Amino acid sequence: MKASPLILEGFEIRTFRREDLDRVIEINTRCLPENYSTFFYLDLYNRFPKTFLVAVADDEIQGYIMCRIERGLSKLRALRLTRLCHVVSIAVMEAYRRRGIATALMLRAMRNAAVEYGATECFLEVRVSNEPALRLYSKLGFRKTRRIVGYYMDGEDAWEMARPIFEEDLMKGLK
Ligand code: ACO
Ligand code: ZN
């Protein structure tokens, strides 16, 4: 049997399961100051299970992404009502960074958002000081659409970043 490329790279992407919750909360708490209630995680999972993903390496979850599908104005084109994939949170354990896990999570989430929920655009907010994440998103074709002053609890600004989800992208998340 042919091994999938993700397994050759040493990690696997799969959808979130309820029993993953404690580990996802642990990763979130270790990696980000934005933390959420159990209800918040499970609500996103119940409503949008196909875009709540985890990355498994060395038999343990090392990263996650969770998204909300929203109907609203396009961030990229004026006055267009659009179905948007809002990346609420993504994080990868420090020891597992720089091996493509976040890229794979983003690509698979965008693919699933399009295929399962009809999203045509993806957006997120990121701290203006978060260089690693800003680089990750620009590499994935996101552009800055708006600076949101004082977006975070500590007063830091956010960049809102967005990109369209193209037909050609839909296969990439499967890699
Ligand atoms: N410095 C410079 N560029 C970086 C860095 C870094 N530390 N990390 C990632 N990049 C860029 C690089 O261009 C990289 O490609 P390369 O390795 O070929 O040079 C590209 O992003 C892809 O990197 P991945 O390996 O796919 O990303 P990784 O799995 O390391 O995860 C992440 C990136 C999620 C930002 C990780 O550093 C992390 O968990 N940080 C803490 C939590 C966080 O900031 N999350 C994002 C908050 S915003 C939000 O959630 C919407
Ligand atoms: Zn957000």
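What you are looking at is a predicted structure, and each value in this text was computed from that prediction instead of being measured. (Residues numbered from 1 in each chain as written. Chains lettered and ligands numbered in written order. Predicted model: local features only at pLDDT ≥ 70, side-chain atom pairs only at ≥ 80, totals over all residues. Heavy atoms only, no water.)

### Comments concerning the side chain of aspartate 157
Residue position: aspartate 157 is located in the loop between β6 (143-148) and β7 (158-164). Side-chain polar atoms of aspartate 157 contact the backbone nitrogen of glycine 150, separated by 2.8 Å. Ignoring sequence-local partners within four residues, the contact set of aspartate 157 consists of Val126, Arg127, Val128, Arg147, Ile148, Val149, Gly150, Tyr151 and Tyr152. (Helix = DSSP H or I, 4+ residues; strand = E, 2+ residues; numbered from the N terminus. Polar contact = N/O pair within 3.5 Å; in protein donor to acceptor, adjacent residues only side chain to side chain. Contact = heavy atoms within 4.5 Å.)

### Some remarks on the nonpolar core
By size, the foremost hydrophobic cluster in this structure holds 56 residues, and its most contacted members are Ile65, Leu105, Met106, Tyr137 and Phe142. Among the elements that make up this core, the one with the highest residue count is helix α4 (residues 101-117) (11 residues). (Core = buried A, V, L, I, M, F, W, Y, C linked by side-chain atoms within 4.5 Å. Buried < 20%, exposed > 50% of the residue type's maximum accessible area, 1.4 Å probe, protein only.)

### Here's the deal with the site of ligand 1
The full set close to ligand 1 counts 23 residues, and Val92, Arg98, Thr103, Asn130 and Lys139 are the nearest of them. In this structure, a nitrogen atom belonging to ligand 1 sits 2.8 Å away from a main-chain N or O atom of isoleucine 90. Take glycine 100: an N or O atom from its main chain is 2.8 Å from an oxygen atom of ligand 1. Within the complex, 80% of the 980 Å² of free accessible area of ligand 1 lies under protein. Of all the secondary structure elements, the ones that give two or more residues to the shell around ligand 1 are β4 (81-92), α4, β5 (121-127) and α5 (131-139). Partitioned by chemical class, the residues of the shell around ligand 1 number 13 nonpolar, 4 polar and 6 charged. (Near = heavy atom within 4 Å. Areas by Shrake-Rupley, 256 points an atom, 1.4 Å probe, with all protein chains shown as cover. Nonpolar A, V, L, I, M, F, W, Y, C, P; charged D, E, K, R; others polar.)

### Describing unusual backbone geometry
For aspartate 59, which is not glycine, the phi torsion reads 65° and is therefore positive. With respect to the helices and strands, the residue aspartate 59 is situated in the loop between β2 (53-57) and β3 (60-73). A relative accessible area of 80% places aspartate 59 in the exposed class. The backbone phi angle of arginine 98 is positive, close to 65°, even though this residue is not glycine. The topology assignment puts arginine 98 in the loop between β4 and α4. In this structure arginine 98 comes out as exposed when scored by relative accessible area, which is 87%.

### Some remarks on the sheet that holds β2
Spatially, the 7 strands line up as an open sheet ordered β1-β2-β3-β4-β5-β7-β6, and their pairing is mixed. What marks the edges here is a single partner per strand, and that holds for β1 (12-15) and β6. With strand direction ignored, the average angle separating the axes of adjacent strands in the sheet is 30°. Examined bridge by bridge, β2 and β3 share 5 bridges and lie antiparallel to one another. Looking across to β3, one finds that alanine 55 is bridged to glycine 63. Strands in contact with helix α3 (residues 38-47) are β3 and β4; relative to β3, the strand with the most contacts, it is inclined by about 70°. (Pairing = 2+ DSSP bridges. Axes fitted to C-alpha atoms, helices over the stretch in contact; angles between N-to-C directions.)

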